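Chain and residue survey
This is what each chain is made of:
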Amino acid sequence: MRSFIARGALLLSSFFVAVSSASEIESKLVLSASFTPPPVFKNTNLLRTIDLTKPYSREVIAVIVENISGQKQSEYFLPFDKDVVDRVSYVEASDKKGPLGPFEVSKVEFNPESPTQYYRVLLSEPLEHGKQITLQLAIGTTGAVVPVPAKITQDEKQFLKWTGAQYATSAYVTEKQKTKIKLPNNEAPEFIKLSPKADGTSDPVKLGSTFTYGPYGSVKPSEKGGKTISIRYEYTNPVIGVDKFTREIEVSHWGGNLAIEEKYSMTNIGAKLKDNFSRVKWAATNYYNPPTAAIKSLTYNLKVGALDPYYTDEIGNVSTSRFRNNAREAHLELKPRYPVFGGWNYTFTLGWNHDLSEFVRGKPNGEDFVLRVPFLEGPKEPVVYGEVSVAVILPEGATDVKYSVPIPIVKEERYLHKTFLDTVGRTAIKLSLSNVVDEQQHKELIVTYHLPKIAAYRKPFVIFTALSGLFLFSWVISMIDTTIG
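Residues numbered from 1 in each chain as written. Predicted model: local features only at pLDDT ≥ 70, side-chain atom pairs only at ≥ 80, totals over all residues. Heavy atoms only, no water.

Another aspect to go through is the pairing of strand E25 (residues 298-302). Here E25 lies mainly inside the structure; 4 of its 5 residues are buried. The sheet contact formed by E25 and strand E28 (residues 330-334) spans 5 bridges and is antiparallel. Looking at E28, one finds that Tyr300 is bridged to Leu332. (Buried < 20%, exposed > 50% of the residue type's maximum accessible area, 1.4 Å probe, protein only. Helix = DSSP H or I, 4+ residues; strand = E, 2+ residues; numbered from the N terminus. Pairing = 2+ DSSP bridges.)

One open sheet holds the 4 strands; their spatial order is E13-E15-E21-E18, and the pairing between them is antiparallel. The sheet is open, and its two edges are formed by strand E13 (145-147) and strand E18 (190-191), each paired on a single side. Direction of pairing for E18 relative to strand E21 (residues 228-234): antiparallel, over a ladder of 2 bridges. Its bridge partner being in E21, Glu190 is matched across the sheet by Arg232.

Right, let's talk about the environment of Tyr385 for a bit. Its place among the elements puts Tyr385 in strand E32 (residues 383-393). Distance from Tyr385 to Tyr264, taken between C-alpha atoms, is 9.6 Å for residues 121 residues apart in sequence. Within the local environment of Tyr385, its side chain forms a polar contact with the side chain of Gln441, the two groups lying 3.0 Å apart. (Polar contact = N/O pair within 3.5 Å; in protein donor to acceptor, adjacent residues only side chain to side chain.)

Here we come to the nonpolar core. Leu371, Phe375, Leu445, Val447 and Tyr449 are the most contacted members of the largest nonpolar core, which totals 53 residues. Leave out the neighbours within four places in its chain, and Phe375 touches Arg247, Val390, Val405, Pro406, Ile407, Ile409, Leu431, Leu433, Lys443, Glu444 and Leu445. Listed in part, the 31 residues of the second largest apolar core include Val63, Val65, Tyr118 and Tyr172. (Core = buried A, V, L, I, M, F, W, Y, C linked by side-chain atoms within 4.5 Å. Contact = heavy atoms within 4.5 Å.)

Our next topic: the confidence of the model for the chain. Overall, the prediction assigns the chain a mean pLDDT of 88, with 94% of residues at 70 or greater. Across residues 1-27, confidence stays below pLDDT 50; counting only partners more than four residues off in sequence or on other chains, it has 67 contacts. (pLDDT = per-residue confidence, 0-100.)

Together, Leu472, Phe473, Trp475, Val476, Ile477, Met479 and Ile480 make up a nonpolar patch on the protein surface, roughly 750 Å² of accessible area in all. Among the structural elements, Ile477 can be located in helix H3 (residues 458-479). (Patch = residues over 30% accessible without salt bridge, like charges linked within 9 Å, V, L, I, M, F, W, Y side chains within 5 Å. Areas by Shrake-Rupley, 256 points an atom, 1.4 Å probe, with all protein chains shown as cover. Salt bridge = Lys/Arg side-chain N within 4 Å of Asp/Glu carboxyl O.)

Quick look at the pairing of E21 now. In terms of residue burial, E21 counts as a mostly covered element, since 6 of its 7 residues are buried. Bridge analysis of strand E15 (residues 159-165) against E21 gives 7 bridges, and the strand direction is antiparallel. Directly across from Thr163, in E21, lies its bridge partner Ser230.

Here we come to the side chain of Asn67. Tracing the chain through its elements places Asn67 in strand E7 (residues 57-67). According to the relative accessible area criterion, Asn67 is buried, its value standing at 1%. Looking at Asn67, its side chain comes within polar contact range of the main-chain oxygen of Gln71, at 2.9 Å. Those residues within four positions of Asn67 in sequence are excluded, and the remaining contacts are Val40, Phe41, Lys72, Gln73, Leu127, Glu128, His129, Gly130 and Lys131.

Here we take up the environment of Phe211. Inspection of the secondary structure assignment puts Phe211 in strand E20 (residues 210-216). Spatially, the C-alpha atom of Phe211 lies 16 Å from that of Lys227, the residues being 16 residues apart in sequence. If we ignore the near neighbours within four places in the chain, the residues touching Phe211 are Thr179, Lys180, Ile181, Leu183, Ala188, Phe191, Pro204, Val205, Lys206 and Ile231.

Within this structure, the stated rule accounts for 22 aromatic pairs. Taking 5.6 Å as the distance between ring centres and 75° as the angle between the ring planes, the aromatic pair formed by Trp282 and Phe341 counts as edge-to-face. Taken together, the residues Trp282 in helix H2 (residues 279-285) and Phe341 in the loop between E28 and strand E29 (345-355) connect sequence positions 59 residues apart. Each member of the pair, Trp282 together with Phe341, is buried. An aromatic cluster is built from Phe245, Tyr264, Phe277, Trp282, Tyr300, Tyr311, Tyr338, Phe341, Trp344, Tyr346, Phe348 and Tyr385, whose rings are joined through pairwise contacts. Looking at Arg232, its charged tip hangs above the ring of Phe159, at a distance of 4.5 Å from the centre. (Phe/Tyr/Trp six-rings, centres within 6.5 Å; stacked < 30°, edge-to-face > 60°. Lys NZ or Arg CZ within 6 Å of the ring centre and 35° of its normal.)

In structure tokens, the structure reads:
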């Protein structure tokens, strides 16, 4: 499997924007089957923060890394258990205190049977012997929480359970560390208590909605995360999963329009409904609007300037929506036809338009263009996406198409999209990926393409030719003598 890494450099000059290089396909880093990260670093101090306010784990690790080898080092490895690595949605790394900026992160491929898999962080500048750098690592993991109990009644509270490791798993010795776990509220009836610390205080320490495990002394890589810990806590929002999501972005120079359409196959993956649904009970509870595990509405903060939204499902148009659009916001609220409880599905389509000039800029030659558009837009509510495909349909005649993507892509497909009054079809690219979370929304997709000026006359020529042919055919028919005798 290959991933796409954006290599483009964005040049801004007055009113024009261009991408200087195309997206490239980059293979995974392949190492020997017996690979083990060399002990060239040590973690002198590490703070791990696990945010569970959304229905997936958002882990931020701030760690002071010191080079303890005799030479410069530029590769820092992150270990993951084999059963966890496929659920990792994103891994990002940056220099927390310095100007080095984001670092390149790639998945290592060395032995699929190994119980430990790795990601590699490539430092933009090699770290000198004895020097330190403060890395900030951000990791998003889906499937990290499960509803406990798995089934609840219509008006019962929903609880989720997170299970993880006492220590931050590392390929290097960690001299000092602690872990903070942030919950959405104070309701945590069950959690794992460890042996009291050396000063006699309990482990963990609970302060409001935050649990703190540690600090701990020196931990070796062989300790594999230490003991297993877990927390069961109340989650008052629905757990939204989109099994299949497609987004289509259509560019029309002829109409000066950017049309966006999104299709959702949505499932509530939280605690399932234990008994039959009661419409009477649901209507009664709506008067005081208590927290519920059901999906009863979705909120979209679209780009300012969004126009003509539409909302349909398998039955037809859905009228339970409200759109507020002004100079500061484009706010769209949707309500499904029915409340979507745990285990229930809902499929719908959402679309809207934009003025093309807000997203496309041209170079001075009038034939090269740059499209800058959000790669994903979705509801404000936390969402986990399964299969994702994003298609960009360019005007007919567009060539030399290049793109820059903000997150790794699993598959690329180029094809011709045919619609009304097209001759050979419009150039289109389809980008596929999986296991995406709403944290990745609103990052920019940049597409550059060449569109000759003569391509603007293609559609009028088709219309002129079709009408001329029709008139010619009518004239020929009228000249035929159909009289008898």
